[in-house]
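Letter by letter, the chains look like this.
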Amino acid sequence: MAQSAPANFAQAFPNKPVRLIIGFAPGGGTDVASRVLTHHLTDKFGQPIVIDYRPGAGGTVGNALAAKATPDGYTWLMTATGPHVIGPSYYRSLPYDPFRDFTEIAMVSISPYLLVVHPSIDVKTVPELVAWLRKRTAPAAYSTAGAGTPSHLASELFKSMAKVELTHVPYKGAAPALMDIIGGQVQLGFSDILISGPHLTSGRLRALATSGSTRTPLAPDLPTVAESGLPGFEGLVWYGLVGPQGMPAAVVRTVNAEVSRLLGLAEVRERYAQLGATPTPGAPAEFSAQIKRDFDKWAKVMKSAGIRQD
């Protein structure tokens, strides 16, 4: 929970550059979601927002770094579903607690994944993919942004519900994971719609379905996995701004108000829509509630599937 601070503190904020930690490699969904906002925030606040990439361990390296930062309002973290609500249940020991060590600032956006395959694979629907996987003598490989990320959990949920064998190949971010599907080093994966969408029209990827409970406006003709023979399937990813525990409440209010304002602008909403994401402006308390709901949801999935990293 953020601490109180004098009103003039928020009025003076910021008077130096802000550090924005991203726990994934450049070019991934977290990076793209951040960059939609950072230049607007830089213009508004008159100070640069310096991105500090700290990829590794499914984004948890970045989360751990942010948790230990000085809570003066000048270090933010663009976190995501994976390191914030899946990682704490996936890893037996992490140097941070999602409920104790962070100050929620603002949820930014939410989006589904695309289930994509390399175009050399002769399948165009989820049932065809399932049949192809079952006929293989060796398991196909799927890539993810890292162990314990939403793409990993979505893939394992798909594997369990479809009753197929798959081999997990984790990467240090969504961008390198996607590049190896495009290159044919791995056969399939659940990829961020923010970065995989542009490669569909070029023919470098083929999308079979989306991971949401409803179709995405970005590809309205593309069915969901749930309506393609696996009812009840859903895997979404959200992105949001947090800071270390103890951030001044006045700064949290200032940043939240500006992020919420930006997310309401037609040009920003259109940009996110082009990326297949839905802006999610709201109060920090709403973001906190979303974190708790998703933590409970994915903890149950992992316990049921026996997924855990020692």
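Our structure is the block above this text.
Residues numbered from 1 in each chain as written. Predicted model: local features only at pLDDT ≥ 70, side-chain atom pairs only at ≥ 80, totals over all residues. Heavy atoms only, no water.

Asker: Let's hear about the overall build of the chain: which residues, and what values?
Answerer: Secondary structure summary: the chain contains 11 helices and 10 strands in total. Scaling as 2.2 N^0.38, a compact globule of 310 residues should have a C-alpha radius of gyration of about 19 Å, and the chain matches this with 19 Å. Its C-alpha atoms give the chain principal-axis dimensions of about 65 × 40 × 30 Å. Here the analysis covers contacts within the chain between residues at least 6 apart in sequence; of these, 79% occur between residues at least 24 apart. Counting every atom, the chain has about 12700 Å² of accessible surface; 54% of that belongs to carbon and sulfur. The averaged location of the 23 negative side-chain charges in the chain is 4 Å from the averaged location of its 28 positive side-chain charges. (Helix = DSSP H or I, 4+ residues; strand = E, 2+ residues; numbered from the N terminus. Rg over C-alpha atoms; globule rule 2.2 N^0.38 Å. Contact = heavy atoms within 4.5 Å. Areas by Shrake-Rupley, 256 points an atom, 1.4 Å probe, with all protein chains shown as cover. Lys, Arg positive; Asp, Glu negative; His and termini not counted. Charge placed at Lys NZ, Arg CZ, Asp CG, Glu CD.)

Asker: Give me the lowdown on the pairing of strand β5 (residues 140-144), citing residues and values where you can.
Answerer: Most of β5 sits inside the fold, with five of its five residues counted as buried. Both faces of β5 are covered, namely the face carrying Ala140, Tyr142 and Thr144 and the face carrying Ala141 and Ser143. Note: β5 against strand β6 (residues 166-170), five bridges, orientation parallel. Looking at β6, one finds that Ala141 is bridged to Thr167. You can see the chain leave β5, run along helix α6 (residues 150-162) and come back into β6, and the turn it takes is right-handed. Here β5 runs beside strand β7 (residues 188-192); their pairing, made up of two bridges, is parallel. Of the residues in β7, the one forming a bridge with Tyr142 is Leu188. (Buried < 20%, exposed > 50% of the residue type's maximum accessible area, 1.4 Å probe, protein only. Pairing = 2+ DSSP bridges. Right-handed = clockwise from strand over helix to strand, strands pointing away.)

Asker: Which residues make up the nonpolar core, and what values go with them?
Answerer: Leu37, Trp76, Leu129, Phe158, Leu188 and Tyr272 are the most contacted members of the largest nonpolar core, which totals 75 residues. For this core, the element with the most residues is strand β4 (residues 102-117), which contributes eight residues. (Core = buried A, V, L, I, M, F, W, Y, C linked by side-chain atoms within 4.5 Å.)

Asker: I'd like a description of the packing of aromatic side chains, backed by residues and values.
Answerer: Applying the stated criterion across every chain, the model contains eight aromatic pairs. Seen from their ring centres, Trp238 and Phe287 are 5.3 Å apart, and the 85° between their planes marks the pair as edge-to-face. With Trp238 in strand β9 (residues 236-244) and Phe287 in helix α11 (residues 284-305), this residue pair connects regions lying 49 residues apart in the sequence. Given the relative accessible area of 1%, Trp238 is considered buried. Within the aromatic cluster, the residues linked to one another by ring pairs are Phe13, Phe45 and Tyr74. Between the NZ or CZ atom of Lys16 and the centre of the ring of Tyr74, over which it lies, the distance is 4.7 Å. (Phe/Tyr/Trp six-rings, centres within 6.5 Å; stacked < 30°, edge-to-face > 60°. Lys NZ or Arg CZ within 6 Å of the ring centre and 35° of its normal.)

Asker: Quick rundown of the environment of Ile49? Include the residues and the values.
Answerer: By secondary structure assignment, the location of Ile49 is in strand β2 (residues 49-53). The sequence separation of Ile49 and Arg19 amounts to 30 residues, and the corresponding C-alpha distance is 5.8 Å. In contact with Ile49, other than residues within four places in its own chain, are Val18, Leu20, Thr38, Leu41, Thr42 and Trp76.

Asker: Explain the pattern of salt bridges residue by residue, including any values.
Answerer: When the charged atoms of two side chains with opposite charge come close together, those side chains can pair. This structure, assessed with the given rule, holds 10 salt bridges. Note that Asp31 is salt-bridged to Arg35, the shortest N-O span being 3.1 Å. In this pair, Asp31 and Arg35 both sit in helix α2 (residues 29-45), four residues apart, roughly one turn of the helix. Residue Asp31 is classed as buried on the basis of its relative accessible area, which comes to 6%. Classification of Arg35 by relative accessible area gives partly exposed; the value is 44%. Where Asp296 meets Lys292, a salt bridge forms, and the shortest distance between an N and an O atom there is 2.7 Å. In this pair, Asp296 and Lys292 are both assigned in helix α11, four residues apart and thus about one turn of the helix distant. On the basis of relative accessibility, which here comes to 40%, the residue Lys292 falls in the partly exposed class. (Salt bridge = Lys/Arg side-chain N within 4 Å of Asp/Glu carboxyl O.)

Asker: Provide a residue-level description of unusual backbone geometry, including the pertinent values.
Answerer: The linkage connecting Phe13 with the following residue, Pro14, adopts the cis geometry, with an omega of -10°. Along the polypeptide, Pro14 turns up in the loop between α1 (7-12) and β1 (18-22). Non-glycine residue Ala57 carries a positive phi angle of around 55°. Within the secondary structure, Ala57 is located in the loop between β2 and α3 (60-67).

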